[in-house]
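Below, each chain spelled out in residue letters.
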Amino acid sequence: MNRFFDIPSDLQHSWLGLIGLHLREALLPVLGGLLLALPLAQLCVRLRWLYPPVLWVTTVLYAIPSLAFFVVLIDYTGQTELTVMIPLTVYSLVVLVPAIVDGVRSVPQETLAAATAMGFGPVRRYVQVQLPIAVPAIIAGLRVATVSSISLVSVGMLIGNQGALGNLLHDAQIYNRPELAWNSVLTTAALAVLVDALLVGVRVLLTPWMPSGSGATRTRKEATAR
Amino acid sequence: MSGLDSPGNGLNPTVPPVESGRKSQTRRVFGVLIRIDSVTKRYPDGTVAVDRLSLDIPDGSITVLVGPSGCGKTTTLRMINRMVEPSEGTILIDGVDSRQQPVNTLRRSMGYVIQNAGLFQHRTVVDNIATVPRMLGWSKDKSRARARELMERVGLDASFAKRYPYQLSGGQQQRVGVARALAADPPVLLMDEPFSAVDPVVRKGLQDELLRIQEELGKTIVFVTHDIDEAVKLGTMVAVLRTGGRLAQFAPPAELLSDPADEFVEDFLGADRGIRRLSFFSSAGLELLTAPIVAIDATAEQLAARGATEAPYLLVTGLDGRPLGWSEPGGLTAGQIDAGQLLPYGRPFTAGQDSLRAALDCAVLSPTGWAVAVDAEGRAAGVVSQAAIGEAIRGAHAHAHAAGPEAAQKATTR
């Protein structure tokens, strides 16, 4: 059991250090993706014709294997974390853009009309009405994007020790220590579950206005009410 | 009561005042607050939603826009706060072109109530109501205090303040919607089918509440509905629009019912407009008979004396004076009157307060053909026959005809 947490020195990190690195490499891309997706989604909401092509582009980008991304990026960003994080950011868009668009679109027409009639300008309306009401949908998207990002970070090992916990898989092979592979898989899974639970907590905190129960029932109830 | 001094009062001397009134005894002379001047709304695809519409919306009263779907009533309402811009024509608010001020300033000076309330689901009741005051730069405390005051005004318990919209019923949400529209005390209230999504019982309650609030605040209300009964009940003036956005008739409801301008209006009013018009005549003129009323503890002499009245039945009342039921004069024995054996008396009307429509309804519902009138406490005040009510109706019609349609004012309660 001792050897389970005994990380080979070539990784230059303790187990906890690897976890920190892993979280950074997984979460920063989701954050970046969110910052990109918010304006992009707002554009798609305002200009309806833009949504299908944007969706198409994000899907095609998602279909590009990360290895292909690395090959192109390595000329510019080298064997760094950034090379891992850029593809992950791009991948997160495929989940986040539709989540935000659907969330913003789910705001009932009469709520929007009421806001306009009360003298909300477009920006105020977006920030104070549409975004807050879209929070459950956005967090649902963030949960998928985050979990997927946490698992994808491991491929960073392909460009030389940039895969955080994923590097343990490689070390398990070269040092013939299968327990390191177990460590990698179990720790990654535990991280994903924990961060997901954290996001659920954030949603509960941010949306005291939702009826207890899942967000899905709320959306369905509204859909039938309209 | 600062709502009473809405800026339109008497500031428009060139416009002949529109005479109207909610009650015959509180007739007021209104100025024009909103003037819609030959306004047309044409969409890029060529559809005409509103066609050269001109309307003078009187100050301090409820003007109802009513018509079938596609008649442009909602479009007209939305042109007033410029959620829809007219293609032609102008809208004057208190004599000033509505395009002369920034659109959001204009909108914040007009409350807006919408079907399903359109509440902000992510804000509490009190924060929903405080929305416009906050935007106008009021402090948080002042806005919330104002919001709580309005909750009371619209009949919402203070315990609802911290709740979220999903925790309220449809009727309660609509009350919040009305409170939110009133929050910054705007002179104008625009209401777009606000009560059409709630069930009939709740709707009636909300309508009565709106009339009560209007009695207190005297706002200029423009109310859109497709329900002619609602229009007749709420409107001081009713504008009937026809498909294609043209005005069919603009008149007080009593005049609408007595003199529909054309076949379209007549069809739209429905088959029983004669009966409904009776709600504008007070029952105060009815001659109530008290002779056929006996108490349940009546003596044999009292019963014998009552047997000789012109009514074929006697109305038995309890010791508190409330009606119990009808009986044939021969069927009563002093000291042994069984309340369970009496004929039902239907639904009584309140003498003087209810309209002739209510009185007639009581007579029609009563198995004896006689209506029971009660006082405000529910004690029997007298009985009246269908024939006597018919007589009163003919008299009221003749009077209204002689005095002109303006005289046909609404009865106190409708």
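Residues numbered from 1 in each chain as written. Chains lettered and ligands numbered in written order. Predicted model: local features only at pLDDT ≥ 70, side-chain atom pairs only at ≥ 80, totals over all residues.

Undergrad: Quick question: what am I supposed to make of the overall build of chain B here?
TA: Broken down by element type, chain B carries 14 helices and 18 strands. Of all 414 residues assigned to chain B, the portion counted as buried reaches 48%. Considering only contacts in chain B between residues 6 or more positions apart, those separated by 24 or more positions represent 64%. (Helix = DSSP H or I, 4+ residues; strand = E, 2+ residues; numbered from the N terminus. Buried ≥ 20, exposed ≤ 12 C-beta atoms within 10 Å, placed from the backbone. Contact = placed C-beta atoms within 7 Å.)

Undergrad: Help me understand the interface of chain A and chain B, please; the structure alone is not making it clear to me.
TA: Often, the extent of an interface is quoted as the loss of accessible area upon association of its parts. Listed by partner, the interface residues are 15 residues for chain A and 18 residues for chain B. For the side of chain A that touches chain B, the secondary-structure elements that each account for two or more residues are α5 (109-117) and α6 (122-152) of chain A. For the side of chain A that touches chain B, the element with the highest residue contribution is α5(A), accounting for 6 residues.

Undergrad: Which parts of the structure should I look at to understand the confidence of the model for chain A?
TA: Low pLDDT means the predicted atomic positions in that stretch should not be read closely. Residues and elements named next belong to chain A. A residue-level look at chain A finds 93% of positions with pLDDT of 70 or above and a mean pLDDT of 88. The least confident element of chain A is helix α9 (residues 215-225), whose mean pLDDT is 43; the most confident is helix α2 (residues 51-63), at 95. Confidence drops under a pLDDT of 50 for residues 214-226, and excluding neighbours within four residues, the segment shows 8 contacts in the predicted structure. (pLDDT = per-residue confidence, 0-100.)

Undergrad: It is not clear to me how the nonpolar core should be interpreted in this structure. Could you clarify?
TA: As a rule of thumb, nonpolar side chains are buried together in soluble globular proteins. Of all hydrophobic cores here, the largest spans 164 residues; its most connected members are Ile100(A), Ile129(B), Ala179(B), Ala239(B), Ala359(B) and Ala371(B). Considering every element that reaches this core, the biggest residue donor is helix α4 (residues 81-105) of chain A, with 15 residues. Here this core spans two domains, since at least three of its residues come from each of domain 1 (2-109 + 186-270) and domain 2 (284-394) of chain B. When sequence neighbours within four positions are dropped, the list of residues in contact with Ala239(B) reads Leu55(B), Thr63(B), Val64(B), Leu65(B), Leu247(B) and Phe250(B). (Core = buried A, V, L, I, M, F, W, Y, C linked by C-beta atoms within 7 Å. Domains from an automatic or database assignment.)

Undergrad: Can you help me understand the packing of helix α7 (residues 167-174) of chain A against helix α8 (residues 178-206) of chain A in this one?
TA: In a pair of packed helices, the angle between the axes and the distance between the axes together describe the arrangement. All names here are of chain A. Where α7 meets α8, the axes come as close as 7 Å, and the angle between the chain directions of the two elements is 170 degrees. With respect to each other, α7 and α8 are oriented roughly antiparallel. Residues Leu168, Leu169, Asp171 and Ala172 of α7 form the contact with α8, whose own contacting residues are Pro178, Leu180, Ala181, Asn183 and Ser184. The residue makeup of the contact of α7 with α8, split by class, is 6 nonpolar, 2 polar and 1 charged. (Axes fitted to C-alpha atoms, helices over the stretch in contact; angles between N-to-C directions. Parallel < 35°, antiparallel > 145°, perpendicular 65-115°, else oblique. Nonpolar A, V, L, I, M, F, W, Y, C, P; charged D, E, K, R; others polar.)

Undergrad: I would appreciate a short explanation of helix α1 (residues 73-80) of chain B in the present structure.
TA: At 3.6 residues per turn, the α-helix brings residues three or four places apart onto the same side. Of all 8 residues making up α1(B), 7 are buried, and the element is well covered by its neighbours. Residues of α1(B) that are buried include every one of Lys73(B), Thr75(B), Thr76(B), Leu77(B), Arg78(B), Met79(B) and Ile80(B), and no others.

Undergrad: I tried to follow the environment of Val95(A) on my own but got confused; where do I start?
TA: Structurally, Val95(A) can be placed in helix α4. Filtering out sequence-adjacent residues up to four positions away, Val95(A) remains in contact with Gly141(A), Val144(A) and Ala145(A).

Undergrad: Looking at this structure, I do not really get helix α7 (residues 200-217) of chain B. What am I missing?
TA: Residue and element names in this part refer to chain B. Its 18 residues give α7 an end-to-end C-alpha distance of 25 Å, which sits within 8% of 26 Å, the value for a rise of 1.5 Å per residue. Burial in α7 covers these residues: Leu206, Leu210, Ile213 and Gln214. Projected onto a plane normal to the axis of α7, the buried residues spread over an arc of 100 degrees and lie on a single side. α7 presents Pro200, Val201, Glu215 and Glu216 as exposed residues on the side facing more than 90 degrees away from its buried surface. Packing partners of the buried residues in α7 comprise β5 (62-66), α5 (140-153), α6 (170-182), β10 (220-225) and α8 (228-234). A positive backbone phi angle near 60 degrees is found at Gly218, which sits one or two residues after α7. (Expected span 1.5 Å × (residues − 1). Arc of directions from axis to C-beta.)

Undergrad: Is there a simple way to think about the confidence of the model for chain B in this case?
TA: Residue and element names in this part refer to chain B. Of all residues in chain B, 89% attain a pLDDT of 70 or more, and the chain-wide mean is 85. For the stretch residues 1-29, pLDDT sits under 50, and the model shows 57 contacts to residues farther than four places along the chain or on other chains. For this predicted complex, the interface confidence reaches an ipTM of 0.79, while the overall pTM sits at 0.77.

Undergrad: Teacher, can you tell me more about the sheet that holds strand β17 (residues 370-374) of chain B here?
TA: Neighbouring strands of a sheet are bound in pairs by backbone hydrogen bonds; such pairs are parallel or else antiparallel. Residues and elements named next belong to chain B. Taken in spatial order, the 3 strands make up an open sheet running β16-β17-β18, and their pairing is mixed. In this open sheet, the two edge strands, each paired with only one partner strand, are β16 (349-350) and β18 (380-385). Where β16 lies against β17, 2 bridges are found, and the strand directions are parallel. Opposite Phe349, over in β17, you have Ala373 as the bridge partner. (Pairing = 2+ DSSP bridges.)

Undergrad: Where do I start with the sheet that holds strand β11 (residues 237-242) of chain B in this structure?
TA: Residues and elements named next belong to chain B. Here we have 6 strands laid out as an open sheet, ordered β8-β9-β10-β5-β11-β12, and mixed in their pairing. Of all strands in the sheet, those bounded by a partner on one side alone are β8 (110-114) and β12 (246-251). On average, adjacent strands in this sheet sit at an angle of 15 degrees to one another, irrespective of strand direction. As paired strands, β5 and β11 are joined by 4 bridges and run parallel to one another. Within β11, the position partnered with Val64 by the bridge is Val238. Together, β5, β9 (188-192), β10 and β11 form the strand contacts of α1, whose direction differs from that of β10 by roughly 150 degrees. On the sheet, α6 packs against β8 and β9 and is oriented at approximately 165 degrees with respect to β8.

Undergrad: Help me understand the pairing of strand β6 (residues 88-93) of chain B, please; the structure alone is not making it clear to me.
TA: The two faces of a sheet get side chains in turn, since along a regular strand they alternate between them. Residues and elements named next belong to chain B. Sheet topology note: the strand β3 (residues 32-42)/β6 ladder contains 5 bridges and is antiparallel. Directly across from Ile34, in β6, lies its bridge partner Ile93. Sheet analysis places β6 next to strand β7 (residues 96-97), joined by 2 bridges and oriented antiparallel. When the bridges of β7 are listed, Leu92 appears paired with Asp97. Following β6, the chain reverses through 2 residues before pairing antiparallel with β7; Asp94 in that reversal takes a positive phi of roughly 50 degrees.

Undergrad: Any chance you could explain unusual backbone geometry here in plain terms?
TA: Most peptide bonds take the trans form, and the phi angle of most residues other than glycine is negative. Residue and element names in this part refer to chain B. Residues other than glycine seldom take positive phi values, yet Asn116 does so here, at roughly 65 degrees. Along the polypeptide, Asn116 turns up in the loop between β8 and α3 (125-129). With a phi close to 55 degrees, Asp185 is a non-glycine residue in the positive phi region. Note on placement: Asp185 falls in the loop between α6 and β9. Taking the number of C-beta atoms within 10 Å as the measure of exposure, Asp185 has 17 and is therefore partly exposed.

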